[in-house]
Amino acid sequence: MRLTFSASKGLVVTQPASICEHTLKDWVHSQQNWIIRNLDRSNAHPLTGEQNTPLERPQQIDIPLLQQTLQIHYLPASDYQVTANYNGNNSLTLSGMTDNTELCIQVLQQWFQRYARLPLGQLLAHTAEATGLKYNHYRIKAQRTRWGSCSSKGNINLNYKLALMPERWARYTVLHELCHTVELNHSNRFWALVAQFMPDYQTIHTEMKEATRMLPPWVNYPYVSSPVESPANS
Ligand SMILES: [Zn+2]
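Structural notes, computed from the coordinates. (Residues numbered from 1 in each chain as written. Predicted model: local features only at pLDDT ≥ 70, side-chain atom pairs only at ≥ 80, totals over all residues.)

Quick word on the nonpolar core
Counting 39 residues, the largest nonpolar core has L120, L124, L158, L162, A163 and A170 as its most contacted members. Going through the elements one at a time, β6 (91–96), α3 (101–115), α4 (117–131), β7 (138–141), β9 (156–159), α5 (167–179) and α6 (188–197) are the ones with two or more residues in this core. Among the domains, domain 2 (60–115) and domain 3 (117–214) are the pair contributing at least three residues each to this core. Setting aside anything within four residues of it in sequence, one finds L162 in contact with L120, W147, A170 and T173. (Core = buried A, V, L, I, M, F, W, Y, C linked by C-beta atoms within 7 Å. Buried ≥ 20, exposed ≤ 12 C-beta atoms within 10 Å, placed from the backbone. Helix = DSSP H or I, 4+ residues; strand = E, 2+ residues; numbered from the N terminus. Domains from an automatic or database assignment. Contact = placed C-beta atoms within 7 Å.)

Dropping the structure here:
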């Protein structure tokens, strides 16, 4: 079983058909802390954009960093979950309860976050090597509007959505965070360091103010997924 918050339907419980009502109620009740916590979060960030356009399952994913386009195939099966399988050859298959668009998008977001780790990690490593700027660890995250961050220990977080943006935006963001390993602020010295490696960074910095709107709708779909594993099915 799983819980999700949907923009159009509110709280959605996905359950196997076989489960009894009593077990279901008990389980939902046991999740109340999660529900309250995430309800606050969805209230704090009013959902925008998707009210006018009905949510659709994407047919493909363009990944400029890899110069790759993944084709997505949907394979309906009698299951209450959706499973993503990448079989190479630029082909991704989502199988299971694929008529549930929101569930498909949730699975796609989670799958793509893992898939983006490699190209973004490589970009970071190459940029560090080319500039001589050093970082400690990196993580790929799914922040709503932050594209990257850097801690005082030189740990860098990169948003997985960078893999869906024009390549130069991803390159700029990675460089920006690497420069923070030297200057942990936005002082003149920081911008001078960025300019040293990317003289036209200001153009990109300005372009990226529209970055959220440029992303494919499925990426921006606000989804809060339950971190809780389902209990044993009755
Ligand atoms: Zn910064």
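There's more to say after this.
Notes on the packing of α5 against α6
Running from N to C, α5 and α6 cross one another at 135 degrees; their axes reach a closest spacing of 10 Å. The angle between α5 and α6 places the two elements in the oblique class. Viewed along their axes, α5 and α6 form a crossing whose handedness is right-handed. Counting all contacts with α5, which are made through L175, H176 and C179, the residues of α6 involved are F190, L193, V194 and F197. The class makeup of the residues in the contact of α5 with α6 is six nonpolar, one polar and no charged. (Axes fitted to C-alpha atoms, helices over the stretch in contact; angles between N-to-C directions. Parallel < 35°, antiparallel > 145°, perpendicular 65-115°, else oblique. Left-handed = near helix turned anticlockwise from the far one by under 90°. Nonpolar A, V, L, I, M, F, W, Y, C, P; charged D, E, K, R; others polar.)

What to know about the environment of L184
When you line up the elements, L184 lands in the loop between α5 and α6. On the basis of neighbour counts, which here come to 13 C-beta atoms within 10 Å, the residue L184 falls in the partly exposed class. In the structure, L184 is positioned 32 residues away from S152 in sequence and 6.9 Å away in space, judged by C-alpha atoms.

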